[in-house]
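The chain contents come next:
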Amino acid sequence: MKKIYAFDFDGTLTTRDTFLVLIRHACGTVRFLYGFLLFVPLLVLMKMRLYPNGTAKQRVFAHFFKGMTIEAFDALCQDFARTHRHLLRTDVVRLLEQAVAEGSEVLIVSASIDNWVQPFFPSVTVLGTQIEVVDGRLTGRFLTPNCYGPEKVRRILALFPDRSAYHLTAYGDSRGDRELLAFADEAHLQTG
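None of the values given here were measured: they were computed from a predicted structure.

**Side note on the state of the cysteines**
Moving on, step 1. The full count for this structure, using the stated rule, is 0 disulfides.
Moving on, step 2. This cysteine, C27, is not joined by any disulfide, and C77 carries the nearest cysteine sulfur, 12 Å off.
Moving on, step 3. Of the residues examined, C27 reaches a relative accessible area of 17% and is grouped as buried.
Moving on, step 4. In this structure C147 is a free cysteine whose sulfur lies 17 Å from that of C77, the closest cysteine sulfur available.

What follows is the structure, encoded as structure tokens:
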């Protein structure tokens, strides 16, 4: 039976959420803080589950990155991965590397945007939130639903629809991974 390993990114493979860290890396502390203050009410509503997670994330993303060329954004993401390897959890990364070495199918299933996750793990398939690009520029909109909660399971089933043909081991750390962990044959909740 085929073995598939699915890892969440933020908080599972990393020690923290990378979205805000990426924004600060891209824009500097002053612009980051100013933009963050603009969105505090929206983020509070999101945390209270009164505003959709994906919509809030898209609005913040658009504020900071709309209009940027895809080449500049990809270069930024490459630089971010190169300079922020300290965010990775070495113990969980070791598990991912072992799964790759044994020839298993390894996926990173994340609400983070593919462009900044992929450079951390270039040889692994990333199923993340994808961004819309028109005429070479970021529109600020997401091309796919935010890869969070049930969307993580949908993405895996889109790639591997015959659930009886594989054994799925999943690693996650948050409410956004609940459905993925429930869907797996073997689930590991990352804590701390």
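**What about helix α7 (residues 150-159)?**
Moving on, step 1. If you check which residues of α7 are buried, you get E151, K152, V153, R155 and I156.
Moving on, step 2. Those residues of α7 that are buried are in contact with β1 (2-7), β2 (105-113), β3 (125-129), β6 (166-172) and α8 (178-183).

**As for unusual backbone geometry**
Moving on, step 1. Residues other than glycine seldom take positive phi values, yet R49 does so here, at roughly 65 degrees.
Moving on, step 2. Residue position: R49 is located in the loop between α2 (29-47) and α3 (53-65).
Moving on, step 3. The residue D135 is not glycine, and still its phi comes out positive at about 55 degrees.
Moving on, step 4. Mapped onto the fold, D135 is located in the loop between β4 (131-134) and β5 (137-142).

What counts, and where the lines are drawn
- Residues numbered from 1 in each chain as written.
- Predicted model: local features only at pLDDT ≥ 70, side-chain atom pairs only at ≥ 80, totals over all residues.
- Heavy atoms only, no water.
- Disulfide = S-S within 2.5 Å.
- Buried < 20%, exposed > 50% of the residue type's maximum accessible area, 1.4 Å probe, protein only.
- Helix = DSSP H or I, 4+ residues; strand = E, 2+ residues; numbered from the N terminus.
- Contact = heavy atoms within 4.5 Å.

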